Amino acid sequence: MNFHDNDVIPIDATPNDRDKIVREFKTALKETGLTVPMATTNLFSDPAFKDGAFTSNNPRVRAYALQKTMNAIDLGVEFGASIYVFWGGREGTEVDASQNGADSLKRFREAINFLTEYVLDNGYDLKFALEAKPNEPRGDLFLPTTGAMLAFIATLDHSEMIGVNPELAHEHMAGLNFTHAVAQAWEAGKLFHIDLNDQAFGRYDQDLRFGSYNLKSAFFLVKFLEEVGYEGSRHFDAHAYRTEDYEGVKDFARGCMRTYLILKEKAEQFHQDKEIQALLAEIHADDGKLTSITGKYSPQNAASLKRQSFDRAALGARSVPYERLDQLTVDLLLGVR
Ligand code: CA
Ligand code: MG
């Protein structure tokens, strides 16, 4: 399980309250065998953060956000968390006259740099994962996509400690292909964590049960995670429908896991399917003659490439059997293969 600091410790708890809750919660974890691989800070619910936390125009708010996060990091580490997520729920604007977007990023950078130093100074075994979202609850949030986060990470003092926590719903809100965002993060060595749920394009943040809305997107995501051997948490950041009672919430939680596992089996079936694999072999056919030239620049390779002649009309006329490939995938997902 994971938590925001204030899911466990109320924001106005006394130090005594805190210690009592920590003791009880530790006992509950022991009894149930649950673990806390990730923790995070709530920097969005309290009205103090109404105009941002790390990027607020008010230096007292920025300082309070840093203090709150240090305390929340201590709490997460105490429960064994090794990943610490940052979702800047109020880091953004409705009124662009209020702050210069470049200065806002400088403030965000300063805060993350401060906190990585804090982690190193305390000898914590903790990595950060930044979570992007395009909008809601602000009109526009800073660093709105996973790609924007990846570019930002490269500018941080301890970028080796910092990756991303892409959330399916957040990329779909922006109309983007989530699997592509995850693939970019993975390829950059930055897929530290993932938030799985579901979301219709162009809607408010829905946080639906994993795979409940767009099965095909969910399938390609699971297929990717399993193919590359992602070993992090399969973390469901989602909610049951508000129509549900307590048992319905359990149905929701089971459903997230069940759909993931079904799609994992479907991905395996995709790899075993002779027709699909034969088609893929045809699509990816490569005699290696040109890739040996184009793989890496050298003056010889450039000269050799310039000497090649290409039959442009034949390239344009070649068959690309994606209709068949996609229908085979659909057949497989619908259970008729
Ligand atoms: Ca969400
Ligand atoms: Mg999330």
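Reading the values: the criteria
- Residues numbered from 1 in each chain as written.
- Chains lettered and ligands numbered in written order.
- Predicted model: local features only at pLDDT ≥ 70, side-chain atom pairs only at ≥ 80, totals over all residues.
- Heavy atoms only, no water.
- 1 Å grid on protein atoms, 1.4 Å probe; cavity = no way out; pocket = protein on both sides within 12 Å on 5 of 7 lines; lining within 4 Å.
- Points joined across faces, edges and corners; volume = space filled by probe spheres on them.
- Helix = DSSP H or I, 4+ residues; strand = E, 2+ residues; numbered from the N terminus.
- Nonpolar A, V, L, I, M, F, W, Y, C, P; charged D, E, K, R; others polar.
- Donors = N, O, S within 2.8 Å, 3.2 Å for Na, K, Ca; no water.
- Buried < 20%, exposed > 50% of the residue type's maximum accessible area, 1.4 Å probe, protein only.
- Lys, Arg positive; Asp, Glu negative; His and termini not counted.
- Salt bridge = Lys/Arg side-chain N within 4 Å of Asp/Glu carboxyl O.
- Contact = heavy atoms within 4.5 Å.
- Pairing = 2+ DSSP bridges.
- Axes fitted to C-alpha atoms, helices over the stretch in contact; angles between N-to-C directions.
- Domains from an automatic or database assignment.
- Buried area = accessible area lost by both parts, 1.4 Å probe.
- Expected span 1.5 Å × (residues − 1).
- Polar contact = N/O pair within 3.5 Å; in protein donor to acceptor, adjacent residues only side chain to side chain.

On to the layout of surface pockets. In this structure, the largest pocket occupies an estimated 1300 Å³ of space. Of all elements in the fold, only β1 (3–4), β2 (38–40), β3 (83–87), β9 (235–236) and α9 (246–272) reach the threshold of two or more residues within the lining of the largest pocket. Top element by residues in the lining of the largest pocket is α9. It accounts for seven residues. Tallied by class, residues from the lining of the largest pocket come to 20 nonpolar, ten polar and eleven charged.

What follows concerns the coordination of the magnesium ion (ligand 2). Distances from the magnesium ion (ligand 2) to its protein donors, E131 (OE), E167 (OE), D195 (OD) and D237 (OD), fall within 1.9 to 2.3 Å. Between the magnesium ion (ligand 2) and the calcium ion (ligand 1), both coordinated by E167, there is a metal-metal distance of 4.6 Å. Placement of D195 in strand β8 (residues 195–196) and of D237 in the loop between β9 and α9 is noted, with a sequence separation of 42 residues between them. For D237, a relative accessible area of 24% translates into the label partly exposed.

The residue E167 is located in the loop between β7 (162–164) and α6 (168–173) in this model. As a buried residue without a salt bridge, E167 has its nearest oppositely charged side chain in K133, at a separation of 6.4 Å. Setting aside anything within four residues of it in sequence, one finds E167 in contact with E131, F178, D195, N197, D205, D207 and D237.

Within the open sheet, the five strands sit side by side as β1-β2-β3-β5-β7. Their pairing is parallel. The open sheet terminates on both sides in strands that have one partner only, identified here as β1 and β7. As defined by bridge partners, β1 adjoins β2 across two bridges and the pair is classed as parallel. Within β2, the position partnered with H4 by the bridge is T40. On the sheet, helix α5 (residues 146–153) packs against β5 (127–131) and β7 and is oriented at approximately 170° with respect to β7.

Moving on: the coordination of the calcium ion (ligand 1). The coordination sphere of the calcium ion (ligand 1) contains the protein donors E167 (OE), H170 (NE2), D205 (OD), D205 (OD), D207 (OD) and D207 (OD), at a distance range of 2.1 to 3.1 Å. The sequence pattern formed by the donor residues of the calcium ion (ligand 1) is E-x2-H-x34-D-x1-D.

This part covers the domain arrangement of the protein. Per the domain assignment, the segments of the protein are domain 1 (3–272) and domain 2 (275–333). One C-alpha centre belongs to domain 1, the other to domain 2; they are set 38 Å apart. Contact residues are listed per partner, giving eight residues for domain 1 and eight residues for domain 2. Approximately 750 Å² of surface area, both sides summed, lies buried where domain 1 meets domain 2, with 70% of it carried by carbon and sulfur atoms. For domain 1, the biggest contributors to the area lost against domain 2 are K216, K266 and F270; these three give 67% of the whole.

Our focus in this paragraph is α9. If you check α9, its first and last C-alpha atoms are 40 Å apart, about what 27 residues at 1.5 Å a residue would give, namely 39 Å. Within the span of α9, buried status applies to G248, F252, G255, C256, T259, Y260, L263, K266, A267 and F270. Its buried side turned inward, α9 meets β8, α8 (215–228), β9, α10 (274–283) and α14 (322–333). Looking at where α9 begins, the residue whose side-chain oxygen comes 3.3 Å from the main-chain nitrogen of E247 is D245.

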